[in-house]
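Working through the structure, step by step
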Amino acid sequence: MTGVLILVEHEGAGVDELSLQALTLARDVAGGDPVIALLVGEGGRDAAALLGAYGVSSAYVAEDDRLAAYAPGAWAQCAIELMESLEPGAVVAAGSNRGNEVMSHVAARRDLPFAANCTHVDGDTVTRVRWGGTLLEEARVHGTPALLSVAPHMMAAATVNGADAPAIEAFTPALSDAELAVRVSEHVSTVTAGVSLADAKVVVSGGRGVGSAEGFAILEELAGLLGAAVGCSRVVTSSGWRPHTDQVGQTGTKISPDLYIACGISGATQHIAGCKGAKKILAINSDAEAPILSSADYAVIGDLTEIVPAITAELRKARGP
Ligand SMILES: Cc1cc2nc3c(=O)[nH]c(=O)nc-3n(C[C@H](O)[C@H](O)[C@H](O)COP(=O)(O)OP(=O)(O)OC[C@H]3O[C@@H](n4cnc5c(N)ncnc54)[C@H](O)[C@@H]3O)c2cc1C
């Protein structure tokens, strides 16, 4: 068969935004041939029912009690089973941590090349994001099916007109103990003040310029007023001022809020790799030559210990008692 098999991540019945974005590229790759979704575990059937609007013609839901917790080897086995029975021209996943991990397992187990974080596919030529977003590489992928993941936040999760609900079929994958040996055993929440860094519409972030763990109190106060999450640079996590889960950047979380407020952050490429998906960046920095100013839409030059409380005070005044 031709067409594309896509691994769709979901939390219960809610489809992950990055998977919806990946479907946009998957449709392009399919070029009018069927787009078939693979969903794994609880809530898969409900989530699959929503995918017609994104051009999915049929969906397979892998069901087994042992799939309740994420297990990369087991997810890869589900993908391999479908890949070998459906023989699609390409297998696609979101360029999320899980998407890239599962595809790496599939590639290694079937000795196939895997192109991660693609933004465009033309035949066997892919354009993909490298080096934390600082480089776009054009590469040829030699292998059938082509294994691809889609760079996060590089394309919209576009819907299609007049699509029917997909046909949904459940299957039980043949899972070995070895495939379940590595699995999620516990979830530790990364949510700050009720808003997760990855999903927040506004992020107030601090760097070395904040000066200390205690210095983050003024950022937290502003974040609380804006319903924002608090983020930080790697210097901050390395200094132990904030947990690694708060780090924005190449080796931290990649975010795409409507507004990113960077306080006392110089704007190293590894940091920008994590926040360049923001629609607007406001930099607060005492150095008018700081590199972050070339990425910022707005800047306030000055001491953040004066500017951040001043913004908070203005917000409180504007909102009234
Ligand atoms: C492989 C690798 C991966 C990396 N991954 C990441 C990553 O994921 N995320 C990340 O952030 N970094 C990452 N880094 C580190 C990165 O290169 C920078 O070192 C780091 O981002 C700098 O953090 P910073 O901006 O907080 O500190 P600095 O570069 O020291 O900048 C501090 C800024 O604060 C300003 N400032 C100081 N005092 C004040 C004040 N009172 N008011 C206002 N402004 C003030 C200064 O003008 C300066 O611009 C990585 C590095 C490597 C090599």
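Here the structure is a predicted model, which means the values were calculated and not measured.

**Remarks on the pairing of strand β1 (residues 4-7)**
The two faces of β1 match: Val4 and Ile6 on one face and Leu5 and Leu7 on the other face are all buried. Two elements, β1 and strand β6 (residues 90-94), share 4 bridges in a ladder whose sense is parallel. Within β6, the position partnered with leucine 5 by the bridge is valine 91.

**A word on the site of the ligand**
Of all residues adjacent to the ligand, which total 25 residues, the nearest are Arg208, Ser233, Thr251, Ser266 and Asn285. Contact between the ligand and glutamine 247: an oxygen atom at 2.8 Å from a side-chain N or O atom of the residue. One of the backbone nitrogen or oxygen atoms of serine 286 is found 3.1 Å away from a nitrogen atom of the ligand. With the chains in place, 74% of the 990 Å² that the ligand exposes on its own is no longer accessible. Of the residues assigned to the shell around the ligand, the class counts are 6 nonpolar, 15 polar and 4 charged.

**Description of the domain arrangement of the protein**
We note that the domain assignment places domain 1 (4-180) and domain 2 (202-319) within the protein. Each of domain 1 and domain 2 has a C-alpha centre, and the two are 34 Å apart. With both chains or domains summed, domain 1 and domain 2 bury close to 430 Å², and 62% of this area falls on carbon and sulfur atoms. One can count 0 salt bridges joining domain 1 with domain 2. Considering only residue class, the side of domain 1 that touches domain 2 consists of no nonpolar, 4 polar and no charged.

**Side note on helix α1 (residues 17-30)**
Compared with the 20 Å implied by 1.5 Å per residue over 14 residues, the 20 Å span of α1 between its first and last C-alpha is a close match. Those residues of α1 lying buried are Leu18, Ser19, Leu20, Gln21, Ala22, Leu23, Thr24, Leu25, Ala26, Arg27 and Ala30. Buried residues along α1 sit in contact with β1, β3 (14-15), β4 (35-40), β6, β7 (114-122) and β10 (146-150). N-capping of α1 is provided by aspartate 16, with a side-chain oxygen placed 3.1 Å from the backbone N of leucine 18. Directly after α1, the chain includes glycine 31, whose backbone phi takes a positive value near 55 degrees.

**Observations regarding the packing of helix α6 (residues 217-226) against helix α9 (residues 304-319)**
Packing of α6 against α9 brings their axes to within 9 Å, and their N-to-C directions diverge by 25 degrees. By the angle between their axes, α6 is roughly parallel relative to α9. As α6 runs across α9, the sense of the crossing is left-handed. In contact with Ile218, Leu219, Glu221, Leu222, Leu225 and Leu226 of α6, α9 contributes Leu304, Thr305, Val308, Pro309, Ile311, Thr312, Leu315, Arg316 and Arg319. For the contact of α6 with α9, a count of residues per class yields 10 nonpolar, 2 polar and 3 charged.

**Topic: the pattern of salt bridges**
Counted by the stated rule, this structure contains 12 salt bridges. Two residues, glutamate 314 and lysine 317, come together in a salt bridge whose shortest N-O distance is 3.1 Å. Here lysine 317 and glutamate 314 lie together in helix α9, a separation of 3 residues that amounts to about one turn.

**Quick look at the packing of helix α3 (residues 72-86) against helix α4 (residues 97-110)**
At a minimum axis distance of 9 Å, the contact between α3 and α4 shows a crossing angle of 60 degrees. In terms of orientation, α3 and α4 fall into the oblique class. Seen along the crossing, α3 lies across α4 with a hand that is right-handed. Residues Pro72, Gly73, Trp75, Ala76, Gln77, Ala79, Ile80, Met83 and Glu84 of α3 form the contact with α4, whose own contacting residues are Arg98, Glu101, Val102, His105, Val106, Arg109 and Arg110.

Each value, and the rule that gives it
Residues numbered from 1 in each chain as written. Predicted model: local features only at pLDDT ≥ 70, side-chain atom pairs only at ≥ 80, totals over all residues. Heavy atoms only, no water. Buried < 20%, exposed > 50% of the residue type's maximum accessible area, 1.4 Å probe, protein only. Helix = DSSP H or I, 4+ residues; strand = E, 2+ residues; numbered from the N terminus. Pairing = 2+ DSSP bridges. Near = heavy atom within 4 Å. Polar contact = N/O pair within 3.5 Å; in protein donor to acceptor, adjacent residues only side chain to side chain. Areas by Shrake-Rupley, 256 points an atom, 1.4 Å probe, with all protein chains shown as cover. Nonpolar A, V, L, I, M, F, W, Y, C, P; charged D, E, K, R; others polar. Domains from an automatic or database assignment. Buried area = accessible area lost by both parts, 1.4 Å probe. Salt bridge = Lys/Arg side-chain N within 4 Å of Asp/Glu carboxyl O. Expected span 1.5 Å × (residues − 1). Contact = heavy atoms within 4.5 Å. Axes fitted to C-alpha atoms, helices over the stretch in contact; angles between N-to-C directions. Parallel < 35°, antiparallel > 145°, perpendicular 65-115°, else oblique. Left-handed = near helix turned anticlockwise from the far one by under 90°.

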